[in-house]
Amino acid sequence: MSLIIKTSDPAVKTLCKVADKEDIATVFDRYQMQLPQCGFGSLGLCCRICYKGPCRVDPFGEGPQLGICGADRHTIVARNVTRMMAAGAAAHSEHGRHIALAMQKIGKGLLPAYRIRDEDKLYRIAELLDIDTLGKEMLEVAYDVATKTLEDYQNQDHHKGCHWISATLPDKRVDLLSRLGALPHNIDATVSQIMARTHIGCDAEPKNVFLGGIRGALADFNGMSLATELSDVMFGTPSPVVTEANIGVIDKDAVNIAVNGHNPLLSEIICDIARDMNDLAKEAGAEKGINIVGICCTGNEVMMRHGVPLATNYLSQEMAILTGALDAMVVDVQCIMPSLPQVGNCFHTEVITTMDENKMQGARHISFHEQNAVETAREVIQCAINAFTRRDPNKINIPNVKQTAVVGFSSEAVITALSNLDAVDPLKPLVDNIVNGNIQGVALFAGCNSTQTVQDESYQIIAKTLAANNVLLLATGCGAGAFAKHGLMNQQATEQYAGDSLKAVLTQIGDAAGLNGPLPLVLHMGSCVDNSRAVTLATALANRLGVDLCDLPVVASAPEAMSEKAIAIASWGVAIGLPTHLGTIPQVTGSDVVTELMQEGAKDLFGGYFIVETDPKIAGNKLVEVIKAKRQGLGI
């Protein structure tokens, strides 16, 4: 097969040559096989929501202009993108529900494998949610917090917004969203209503459909917020830790286990149990025992809490197996390639699914339930040890590519770092440096990897452009993985790429925090579900300045947006007031009505809007100009 690789990662390039030699198809090969891709689909102009079709609208005006039912291009496009928002909201909020239900059981003493690791944060959340804690035991408070959180999935009062949105966004933003009818009252109901209104013969007014999608995107934000905050309570709020990233973290002298997906409930226990089973791995011949590595957002979760090295991000997850030294890949939910078992079968690697609602053909399934977490973790690790004994030494090919990364900058960790400069008023140094221009603004990088772009490249180009213009950089998810793998999450990157005033501020904070140098160029804030951390920080700034989020010199960028979750994230980013860059063209351009609504229409309604730009150099400069305009609007 022809070897065409769309990646900037040298480790991936090396392993793609291994795949080509062994005639193993990877994601890059499958992308080439799909070319040319469907032009109707890329414009959002195909409809498959009933069996009269599928229907396609001709973008040139020469063929059909209406679907069989009479839906035009604008209705079809609006329905398609809105359904993507609903799916994204369902994915993140289901993750959050799983965490909340587990905490509820912890509160009842039913899950001895788990405990509350951040009691202080538990009580802060209880106060945030207006829960009375007087005279209550800690576990009772945990139960009450989880129970009130679960009301966001159950409340039937349409006039009452979800608890977590109301508790985490500035009052000005909540009031605006309420007036627009965009506040979700119930995550499940919001997702259900989107699916109902986009059924054949229902809502056909494009703007109305799209605004329903925005409500779904805000339900996504709600689900992400509660998932992140409750995870911190259960597993510990991240603080900075030094680790490594890229494929070179896989060790030929160890039993290598990759945890992949998004839900930390099992991976946390695997990290604990691996220490107990280390001697068993050595007895099997692994000189260095057990080596846990991360992939995707489960990797981000254990990286920021345990310092577990990150092997890779979404698009190159197959490459971990191609090293010939990965003994098991343990997956939970979301962004997991169905190709993994087929690639694993070319080696000795055990691909293990763990969630009953997320299985794959050809994989071993070990069913995970929290009450049996320890037993499940032991079984998974034993499978990896057994697989280690079946390794073929001639197939081992681990690229010597890895970078130092400083990760784990939760919003609390950022405030703690700032408190070293001003213990009484930790936000003051940040506010002062934004006002005086030492920090021009803040940019949040989120999103995925996509074969539509060169893997990781746009992240690097845009980040370097913004950093040179003294913009503070935050990152989550596979975007954070891109920066970690390419050496942009360490002090050396700050020295090399940050503008003079940004470098000075990061150095001042880093020295005060005892780092003997600056903070890293890009602050790692967690997995993709943790985008709410950046919003927490932005909300604190907005409240401090007495403005709305849309007034701040804060932008977001998803240079390789790919999944339905990414569409939901970008959409709630716009809804809370952030100018949001997309580096892949969304499947909406077949409708000028929807395209205009996402840009100028959204700006008029929310203050946030989409900036679609595939050239990363141009995108970086556009974001700099947006930040300058925001500063001018604030008179700073």
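Residues numbered from 1 in each chain as written. Predicted model: local features only at pLDDT ≥ 70, side-chain atom pairs only at ≥ 80, totals over all residues. Heavy atoms only, no water.

Asks: Could you clarify how one ought to interpret the layout of surface pockets in this entry?
Replies: Gaps left between atoms show up when a probe the size of a water molecule is rolled over them. When its volume is computed, the largest pocket comes out at roughly 1,100 Å³. Around the largest pocket, the lining is made up of 37 residues, and of these Gly41, Ser42, Met84, Ile585 and Gln587 lie nearest the centre. Contributions of two or more residues to the lining of the largest pocket are made by helix H3 (39-43), strand S1 (46-47), helix H4 (73-107), helix H19 (457-468) and helix H24 (564-575). For the lining of the largest pocket, the residue count by class is 18 nonpolar, 15 polar and four charged. Roughly 510 Å³ of internal volume is contained in the second largest pocket. Lining the second largest pocket are 18 residues, and of these Leu128, Glu229, Ser411, Glu412 and Thr536 sit closest to its centre. For the lining of the second largest pocket, the elements supplying multiple residues, two or more each, are helix H5 (119-128), helix H7 (163-168), helix H17 (411-419) and helix H23 (531-545). (1 Å grid on protein atoms, 1.4 Å probe; cavity = no way out; pocket = protein on both sides within 12 Å on 5 of 7 lines; lining within 4 Å. Points joined across faces, edges and corners; volume = space filled by probe spheres on them. Helix = DSSP H or I, 4+ residues; strand = E, 2+ residues; numbered from the N terminus. Nonpolar A, V, L, I, M, F, W, Y, C, P; charged D, E, K, R; others polar.)

Asks: Please clarify how the packing of aromatic side chains should be interpreted in this entry.
Replies: Here the distance between the centres and the angle between the planes together describe a pair of aromatic rings. Following the criterion strictly, the structure yields five aromatic pairs and no others. Between tyrosine 459 and phenylalanine 483 the ring centres are 5.7 Å apart and the planes differ by 80°, which places this aromatic pair in the edge-to-face class. Of the two residues, tyrosine 459 is situated in helix H19 and phenylalanine 483 in helix H20 (residues 477-485); the sequence distance between them amounts to 24 residues. Like tyrosine 459, the residue phenylalanine 483 is buried in the burial classification. Among the aromatic residues, those joined into a ring-pair cluster are Phe445, Tyr459 and Phe483. Lysine 395 extends its terminal NZ or CZ atom over the ring of phenylalanine 347, reaching a point 5.3 Å from the ring centre. Above the face of the tyrosine 609 ring, lysine 603 is positioned so that its terminal group lies 4.8 Å from the ring centre. (Phe/Tyr/Trp six-rings, centres within 6.5 Å; stacked < 30°, edge-to-face > 60°. Buried < 20%, exposed > 50% of the residue type's maximum accessible area, 1.4 Å probe, protein only. Lys NZ or Arg CZ within 6 Å of the ring centre and 35° of its normal.)

Asks: Honestly, the pairing of strand S11 (residues 441-445) in this entry has me stumped. Any pointers?
Replies: Within a regular strand, the side chains alternate between the two sheet faces. A large share of S11 lies buried, amounting to five of its five residues. Along S11, one buried face is formed by Gly441, Ala443 and Phe445 and the opposite face, lined by Val442 and Leu444, is buried too. Here five bridges tie S11 to strand S12 (residues 471-475), and the two strands are oriented parallel to one another. Note on S12: the bridge partner recorded for phenylalanine 445 is alanine 475. Taken together, S11, H19 and S12 form a β-α-β motif whose crossover is right-handed. Relative to strand S14 (residues 554-558), S11 is paired through four bridges, and the arrangement is parallel. The residue of S14 that forms the bridge with alanine 443 is valine 555. (Pairing = 2+ DSSP bridges. Right-handed = clockwise from strand over helix to strand, strands pointing away.)

Asks: Would you explain a negative patch on the surface in this entry?
Replies: Taken together, the side chains of Asp592, Glu596, Glu600 and Asp604 define an acidic patch exposed on the protein surface. A relative accessible area of 45% places glutamate 600 in the partly exposed class. (Patch = residues over 30% accessible without salt bridge, like charges linked within 9 Å, V, L, I, M, F, W, Y side chains within 5 Å. Areas by Shrake-Rupley, 256 points an atom, 1.4 Å probe, with all protein chains shown as cover. Salt bridge = Lys/Arg side-chain N within 4 Å of Asp/Glu carboxyl O. Lys, Arg positive; Asp, Glu negative; His and termini not counted. Charge placed at Lys NZ, Arg CZ, Asp CG, Glu CD.)

Asks: Please explain the environment of arginine 305 as it appears in this structure.
Replies: For arginine 305, the position within the fold is in helix H13 (residues 296-306). Each C-alpha atom of the pair arginine 305 and proline 240 lies 8.7 Å from the other, and the pair is 65 residues apart in sequence. Each residue touching arginine 305, except ones within four places of it in the same chain, is listed here: Ser231, Asp232, Phe235, Gly236, Pro238, Glu268 and Arg533. A distance of 2.7 Å separates a polar side-chain atom of arginine 305 from the backbone oxygen of glycine 236. Side chain to side chain, arginine 305 and glutamate 301 meet in a polar contact 2.6 Å long. (Contact = heavy atoms within 4.5 Å. Polar contact = N/O pair within 3.5 Å; in protein donor to acceptor, adjacent residues only side chain to side chain.)

The analysis is restricted to geometry; functional conclusions fall outside its scope.
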